[in-house]
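Coordinate analysis (summary)
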Amino acid sequence: MSQPWLFHLALVAGTLAMLSFAAHILRQRRHPAATLGWLLFMLLLPWFAVPLYLTIGTRKLVSSRPLPAGAPSAGSDYAVDRLLARTGIVPCGADRIRLHADGAEAWHALQALIADARASLDVGLFILADDVHGEAVMTALIERARGGVRVRLLLDGIGSLRIPRSWLAALRAAGVETAWFIPLLHRPLRGRTNLRNHRKLVVADGTRAWTGGRNVADEYFAKDTFWTDLSLEVEGEAAAVCQRGFERDWHFAVRGPAPAAAVPATGTRVTVLHSGPDQPGDTLHDVLMTACYAARYRIVAVTPYFVPDEALLQALCLAARRGVEVRLILPARSNHRLADWVRARALRELAAAGASIRLVPDAMVHAKAVLFDDTLGIVGSANLDIRSLFLNFEMVLLMREPADVAALAEWCARLDARAQDAGLPPAGALREAAEGLVLLAAFQI
């Protein structure tokens, strides 16, 4: 008699749980294809879908709290600045911003910054590779720690998974504090496996920072490398803001004392923007949308992977249709073939709207930069894909000074000179259907 009753109870409980998860899926901001994919998975295979959703399905952390709201910058003509001010993010001062021309210059700058650190050295990386350049950085960190500098190394639990444990042991023995950001195997309440820290940041003494799109691996620095990337140095108050972002990441990884919620003083040089699952909104996505609608004559975007959500794609298409020059610069072939294949749908729509699609045939373009008119340049770790905009922890710098924006425009122009117009033949029904199926998993690309 009890078995039918238990079965009925289990069935009711399972149905209620499935409906609860379905409601949660619908509330989350996702690509429609990804939402449909999760709902179908939950309906057809609930016993597999529920634990998988708990592992990789959610994209916001429970600990997310609203940022303190601030007033728009007095007299600001920039819609982006007014948007950010409402969430407590305001511009700050920078004594210097310098873009790196190539990998050799970026490597020299990174070595010099590490060597010059006197009190503290904070390093947060997505990929620290077990190769020549990775070993050189780890050796330098050991030397600085032995020299009395407080060195902290924060590595992403997936991106740097291949680092030999013997190296980590050597770092710790020398006094380097190390931590993993959401390790592959972790307690359920300590983050989600699909939420990765994609930021690349090295801060010395809270006054100088090295950041951008480069990981620490041979392909990002070698002179004869096939890879093209973009990183930069920033000094002054902006570096201190970068360090406060590192402090928050470090606190999340080690559960140490919570850092003070300091707000940078208003300035005119640069805005340091952290985005990710630890925030209630999708700030970087909102910035890009706002800037697209505010652009008057030019949008230039450089990214290795172009898998935008529908809203950002339409914002770019509408800009092109109203006469704004929209130019997208991509690698002809990236290191992620699936992303290359699925991007065609968005590229065809952009091209039909009048945008210029440019492909670099002789390089794996890993740089991440967006230029709006002559008034806003964005450089950092975020790609123009759904993963970076909605899942990853990312960091970008919003540059406003004319000289800084002009330097970024010049860098983009040099890259564009190496590119060719893309040929985008019409897709058949079979390819369009296959692209739609791939987009069901677009959040996990």
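Note: the structure precedes this text.
This report concerns the structure included in the present document. (Residues numbered from 1 in each chain as written. Predicted model: local features only at pLDDT ≥ 70, side-chain atom pairs only at ≥ 80, totals over all residues. Heavy atoms only, no water.)

1. Focus on the overall build of the chain
Each helix and strand counted, the chain has 14 helices and 19 strands in total. Buried positions account for 54% of the 445 residues belonging to the chain. Contacts in the chain between residues far apart in sequence, at least 24 positions, make up 78% of those at least 6 positions apart. (Helix = DSSP H or I, 4+ residues; strand = E, 2+ residues; numbered from the N terminus. Buried < 20%, exposed > 50% of the residue type's maximum accessible area, 1.4 Å probe, protein only. Contact = heavy atoms within 4.5 Å.)

2. Quick notes on the nonpolar core
Grouped together as the largest cluster of nonpolar side chains are 47 residues, with contacts concentrated most on Leu230, Val270, Val272, Val302 and Leu408. In this structure, valine 302 is in contact with Ile329, Val365, Ala367, Lys368, Ala369, Trp411, Cys412 and Leu415, ignoring residues within four places of it in sequence. Residues Val287, Cys292, Ala315 and Leu376 belong to the second largest nonpolar core, which totals 45 residues. (Core = buried A, V, L, I, M, F, W, Y, C linked by side-chain atoms within 4.5 Å.)

3. Re the pattern of salt bridges
Side-chain pairing between opposite charges can occur once the charged atoms of the two side chains come close. This structure, assessed with the given rule, holds 23 salt bridges. In this structure, arginine 96 engages glutamate 235 in a salt bridge whose closest nitrogen and oxygen atoms are separated by 3.1 Å. One end of the pair, arginine 96, is in strand S1 (residues 96-99); the other, glutamate 235, is in strand S8 (residues 231-235), with 139 residues separating them in the sequence. Looking at arginine 96, the relative accessible area reads 33%, which means it is partly exposed. Between arginine 208 and glutamate 235 there is a salt bridge, with its nearest N and O atoms 3.9 Å apart. Here the residue arginine 208 occupies a position in strand S6 (residues 208-212), and glutamate 235 occupies one in strand S8, the gap between them amounting to 27 residues. (Salt bridge = Lys/Arg side-chain N within 4 Å of Asp/Glu carboxyl O.)

4. Digging into helix H10 (residues 310-321)
If you check H10, its first and last C-alpha atoms are 16 Å apart, about what 12 residues at 1.5 Å a residue would give, namely 16 Å. Listed in full, the buried residues belonging to H10 are Leu312, Leu313, Ala315, Leu316, Cys317, Ala319 and Ala320. Residues of H10 that are buried in the fold lie against helix H9 (283-294), strand S10 (298-302), strand S11 (306-307), strand S12 (325-331), helix H11 (337-353) and helix H12 (386-390). Immediately downstream of H10, the backbone of glycine 323 shows phi near 105°, a positive value. (Expected span 1.5 Å × (residues − 1).)

5. Overview of the environment of leucine 110
Its location among the elements puts leucine 110 in helix H5 (residues 103-116). Taking relative accessible area as the criterion, leucine 110 reaches 1% and is therefore assigned buried. Distance from leucine 110 to valine 137, taken between C-alpha atoms, is 8.8 Å for residues 27 residues apart in sequence. The contacts of leucine 110, once residues within four sequence positions are left out, are Val137, Val202, Trp210, Val216 and Phe221.

6. A look at H11
Between its first and last C-alpha atoms H11 spans 25 Å; for 17 residues at 1.5 Å apiece the expected length is 24 Å, and the two agree. Every buried residue of H11 is accounted for by Ala339, Asp340, Val342, Arg343, Ala344, Ala346, Leu347, Arg348, Leu350 and Ala353. Just beyond H11, the residue with positive phi is glycine 354, at close to 105°.

7. Things to note about the side chain of glutamine 243
Note on placement: glutamine 243 falls in helix H8 (residues 237-254). Not counting the four nearest positions on each side in its chain, glutamine 243 is found in contact with Ser120, Asp122, Val203 and Gly206.

8. Topic: the side chain of threonine 271
Mapped onto the secondary structure, threonine 271 falls in strand S9 (residues 270-275). When its relative accessible area of 2% is taken as the criterion, threonine 271 is described as buried. In contact with threonine 271, other than residues within four places in its own chain, are Leu84, Ile89, Val90, Pro91, Val396, Leu397 and Leu398.

9. Examining the sheet that holds strand S19 (residues 420-421)
Pairing within the open sheet is mixed, and its eight strands lie in the order S9-S18-S16-S15-S10-S12-S13-S19. Every interior strand has two partners, whereas the edge strands, S9 and S19, have only one. Pairing between strand S15 (residues 369-372) and strand S16 (residues 376-380): four bridges, direction antiparallel. Paired with leucine 371 across the strands is glycine 377, a residue of S16. (Pairing = 2+ DSSP bridges.)

10. Description of the packing of aromatic side chains
By the definition in use, this model includes seven aromatic pairs. With a centroid separation of 5.9 Å and 25° between ring planes, the pair formed by phenylalanine 246 and tryptophan 250 is classed as stacked. Of the two residues, phenylalanine 246 and tryptophan 250 both sit in helix H8, four residues apart, roughly one turn of that helix. Note on accessibility: phenylalanine 246 and tryptophan 250 belong to one class, buried. By the ring-pair criterion, three or more aromatic residues cluster together here, those being Trp107, Trp210 and Phe221. (Phe/Tyr/Trp six-rings, centres within 6.5 Å; stacked < 30°, edge-to-face > 60°.)

11. Description of the sheet that holds strand S5 (residues 201-204)
Two strands in a sheet stick together by hydrogen bonds in their backbones, pointing the same way (parallel) or opposite ways (antiparallel). A sheet is described by the order of its strands in space; here seven strands give the open sequence S1-S8-S6-S5-S2-S3-S4, paired in mixed fashion. Both outer strands of the open sheet, S1 and strand S4 (177-181), are each paired with one neighbouring strand and no more. Here the strands of the sheet are splayed against their neighbours by 10° on average, with no regard to which way each runs. On the sheet, H8 packs against strand S2 (120-125), strand S3 (150-156), S4, S5, S6 and S8 and is oriented at approximately 75° with respect to S4. (Axes fitted to C-alpha atoms, helices over the stretch in contact; angles between N-to-C directions.)

12. Things to note about the pairing of S1
Burial along S1 is one-sided: the face carrying Ile97 and Leu99 is buried and the face carrying Arg96 and Arg98 is not. Sheet topology note: the S1/S8 ladder contains four bridges and is antiparallel. Looking across to S8, one finds that arginine 96 is bridged to glutamate 235.

13. Here's the deal with the environment of serine 356
Here serine 356 shows up in strand S13 (residues 356-360). Residue class for serine 356 comes out buried when judged on its relative accessible area of 18%. As a C-alpha pair, serine 356 and arginine 327 span 29 residues in sequence and 4.7 Å in three-dimensional space.

14. What about the pairing of S4?
The element S4 is largely enclosed, with a buried count of four among its five residues. Taken together, S3, helix H7 (residues 165-173) and S4 constitute a β-α-β crossover, and its handedness is right-handed. (Right-handed = clockwise from strand over helix to strand, strands pointing away.)

Scope: geometric values only; no functional claims are made or implied.
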